[in-house]
Amino acid sequence: MEEKDPTAVNIRDLSMDDYNDLIRLWQAAGLPSRPHGRDSREAIARQMEGGTSIFLGAEEDGKLVGAVLGTHDGRKGWINRIAVHPAHRRRGIGRALVYAVEARLHGMGIGIIGSLIEDWNEDSMAFFARLGYLAHTDIVYFSKRRSPET
Ligand SMILES: CC(C)(COP(=O)(O)OP(=O)(O)OC[C@H]1O[C@@H](n2cnc3c(N)ncnc32)[C@H](O)[C@@H]1OP(=O)(O)O)[C@@H](O)C(=O)NCCC(=O)NCCS
């Protein structure tokens, strides 16, 4: 079978110049964002500068068509907010973004990478399973927030 060619997209680090496009992409991809909390301009700037976040974008013809956020806590890596614009799905762009962020995390000495996926998000679960991620049905996610926007 012929290999899908994601090389039409350019994968690069995002900067604060991409902030508006990133928020627009998340909206188009159906990902909720917290404009007054952890997705505010100030919060994203802080994350970009913090050294534990990798913001990558996939660009085609100068337009942001996909993005991913990789993070790590020094022990494990996490893939967050993978998003491909609906008009550009099933072309291997999501896969290329995940592989790129995995390579960056591996380069930082991180050997295990996870992703938290809401149980209704079957598309995303199928995507991660296809990329070799194992579903842990025996783990329940607990969290504590300072505010609903956090
Ligand atoms: C999940 C998402 C990023 C996938 O992006 P994509 O660019 O379409 O994915 P790819 O084309 O790289 O697909 C990689 C593999 O996953 C499979 N896949 C992708 N979407 C799938 C789906 N909805 N159902 C089943 N398999 C799927 C592809 O078939 C492909 O496998 P193959 O190479 O064997 O054909 C995209 O659907 C999206 O942005 N969803 C909305 C945002 C979201 O929910 N993000 C996750 C938050 S945790």
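Residues numbered from 1 in each chain as written. Predicted model: local features only at pLDDT ≥ 70, side-chain atom pairs only at ≥ 80, totals over all residues. Heavy atoms only, no water.

Chemist: Is there a simple way to think about the site of the ligand in this case?
Modeler: Around the ligand lies a shell of 21 residues, among which Ile82, Arg90, Arg95, Asn121 and Arg130 are the nearest. Contacts to the ligand include Arg91, whose backbone N or O atom sits 3.2 Å from an oxygen atom. Between the ligand and Asn121, the relevant distance is 2.8 Å, taken from an oxygen atom to a side-chain nitrogen or oxygen of the residue. Where the shell around the ligand is concerned, the elements lending two or more residues are β4 (77–84), α3 (93–107) and α4 (122–130). If you tally residues by element for the shell around the ligand, the top one is α4, at five residues. Tallied by class, the residues present in the shell around the ligand amount to ten nonpolar, four polar and seven charged. (Near = heavy atom within 4 Å. Polar contact = N/O pair within 3.5 Å; in protein donor to acceptor, adjacent residues only side chain to side chain. Helix = DSSP H or I, 4+ residues; strand = E, 2+ residues; numbered from the N terminus. Nonpolar A, V, L, I, M, F, W, Y, C, P; charged D, E, K, R; others polar.)

Chemist: Is there a simple way to explain the packing of aromatic side chains in this structure?
Modeler: Pairs of aromatic rings are described using the distance from one ring centre to the other and the angle between the two planes. A complete count under the given rule lists two aromatic pairs for this structure. Between the aromatic rings of Phe128 and Tyr133, the centroid separation amounts to 5.2 Å while the plane-to-plane angle is 80°, which identifies the pairing as edge-to-face. Taking relative accessible area as the criterion, Phe128 reaches 3% and is therefore assigned buried. Geometry around Trp26 places Arg81 over its ring, the cationic atom sitting 4.5 Å from the centre. (Phe/Tyr/Trp six-rings, centres within 6.5 Å; stacked < 30°, edge-to-face > 60°. Buried < 20%, exposed > 50% of the residue type's maximum accessible area, 1.4 Å probe, protein only. Lys NZ or Arg CZ within 6 Å of the ring centre and 35° of its normal.)

Chemist: Can you help me understand the environment of Ile11 in this one?
Modeler: Residue position: Ile11 is located in strand β1 (residues 10–13). Looking at Ile11, the relative accessible area reads 28%, which means it is partly exposed. Sequence separation between Ile11 and Arg130 is 119 residues, and the spatial gap between their C-alpha atoms is 21 Å. Not counting residues up to four positions away in its chain, the partners in contact with Ile11 are Leu56, Gly57, Ala58, Ala96, Leu97 and Ala100. (Contact = heavy atoms within 4.5 Å.)

Chemist: Looking at this structure, how should I read helix α2 (residues 41–49)?
Modeler: Quick reminder: α-helices carry 3.6 residues per turn. Residues three or four places apart thus point the same way. Within α2 the residues assigned to the buried category are Ala43, Ile44 and Ala45. The inward-facing, buried residues of α2 abut α1 (19–28) and β2 (53–60). Positive backbone phi, approximately 85°, marks Gly51, located one or two places after α2.

Chemist: Help me understand the pattern of salt bridges in this model?
Modeler: Side chains that carry opposite charge are capable of pairing whenever their charged atoms lie near each other. All chains considered together, the criterion is met by six salt bridges. Put simply, Asp13 and Arg104 hold a salt bridge, and the shortest N to O gap is 2.9 Å. With Asp13 in strand β1 and Arg104 in helix α3, this residue pair connects regions lying 91 residues apart in the sequence. Classification of Arg104 as partly exposed rests on a relative accessible area of 35%. For the salt bridge of Arg24 with Asp21, the shortest nitrogen-to-oxygen distance reads 2.8 Å. Of this pair, Arg24 and Asp21 both sit in helix α1, three residues apart, roughly one helical turn. Using a relative accessible area of 33% as the deciding quantity, one classes Asp21 as partly exposed. Sharing partners across several salt bridges, the network here consists of Arg12, Asp18 and Glu59. (Salt bridge = Lys/Arg side-chain N within 4 Å of Asp/Glu carboxyl O.)

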